[in-house]
Amino acid sequence: PPVLDRLFGETTFEMIQRKLNTNLVGFSKGDLGGLCFKVVSSMCPGKCMRLKFVARGSMAETKMLAKLVEDRTQNGMSYVEYLCHIHRKIQNKFL
C-alpha cells in the first residue's frame, strides 16, 4: 500500500517485518514518515522504541487490545458509562 511506502520506504508487510526483525527499519525521510518519526520520538525522548506489526485476528492482536485502557476523566463519563446512560434514556422513553 502507498501508506507503507510513504512511512517506511517499503511496499509490503513482509519486507517491513523482515527489517523489524533485524532492527534495520526506520521511518522514511518523506513527509509522512518524518512526521510519524517526530510523534514517536516525542513520546519517549532519548529512548529507542520497538515497532511491531500486529495482524488482524491474530493472538498478538488479542494481547495488544487487552493492554489498551481508557483514560479516566474527573468530570466526564467513561464510554461504557455513556452507553449505559443512553440505553437508560432510550428504555425510559419507551416505558
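A brief look at the structure comes next. (Residues numbered from 1 in each chain as written. Predicted model: local features only at pLDDT ≥ 70, side-chain atom pairs only at ≥ 80, totals over all residues. Heavy atoms only, no water.)

Of the regular secondary structure elements, the protein holds five helices and zero strands. Helices and strands appear in the protein in the N-to-C order α-α-α-α-α. Out of the 95 residues belonging to the protein, those deemed buried represent 9%. Excluding contacts between residues fewer than 6 apart, the proportion of contacts in the protein whose partners are at least 24 apart in sequence is 32%. (Helix = DSSP H or I, 4+ residues; strand = E, 2+ residues; numbered from the N terminus. Buried < 20%, exposed > 50% of the residue type's maximum accessible area, 1.4 Å probe, protein only. Contact = heavy atoms within 4.5 Å.)

This part is about the layout of surface pockets. Reported here for the second largest pocket is a volume of approximately 280 Å³. Taken together, K52, V54, A60, K63, M64 and K67 form the lining of the second largest pocket. The residue makeup of the lining of the second largest pocket, split by class, is three nonpolar, no polar and three charged. (1 Å grid on protein atoms, 1.4 Å probe; cavity = no way out; pocket = protein on both sides within 12 Å on 5 of 7 lines; lining within 4 Å. Points joined across faces, edges and corners; volume = space filled by probe spheres on them. Nonpolar A, V, L, I, M, F, W, Y, C, P; charged D, E, K, R; others polar.)

All right, on to the side chain of S78 then. With respect to the element layout, S78 can be found in the loop between α4 (59-67) and α5 (79-94). With a relative accessible area of 10%, S78 lands in the buried category. With sequence-adjacent residues up to four places away left out, S78 is seen in contact with E70 and R72.

Moving on to the nonpolar core. Soluble globular proteins tend to bury their nonpolar side chains together. Residues L4, L7, F8, I16 and L20 constitute the largest nonpolar core, which totals five residues. Breaking this core down by element, the ones donating at least two residues are α1 (2-8) and α2 (13-21). Broken down by element, this core gets its largest block of residues, three residues, from α1. (Core = buried A, V, L, I, M, F, W, Y, C linked by side-chain atoms within 4.5 Å.)

All right, on to a nonpolar patch on the surface then. Residues V54, M64, L65 and L68 make up a contiguous nonpolar surface patch of about 340 Å² in total accessible area. Mapped onto the elements, L68 comes out in the loop between α4 and α5. (Patch = residues over 30% accessible without salt bridge, like charges linked within 9 Å, V, L, I, M, F, W, Y side chains within 5 Å. Areas by Shrake-Rupley, 256 points an atom, 1.4 Å probe, with all protein chains shown as cover. Salt bridge = Lys/Arg side-chain N within 4 Å of Asp/Glu carboxyl O.)

This paragraph deals with a positive patch on the surface. Positive charge collects at one region of the surface, where R50, K52, K63 and K67 lie side by side. A residue is classified by how much of its surface remains accessible, and K63, at 55% relative accessible area, is exposed. (Lys, Arg positive; Asp, Glu negative; His and termini not counted. Charge placed at Lys NZ, Arg CZ, Asp CG, Glu CD.)

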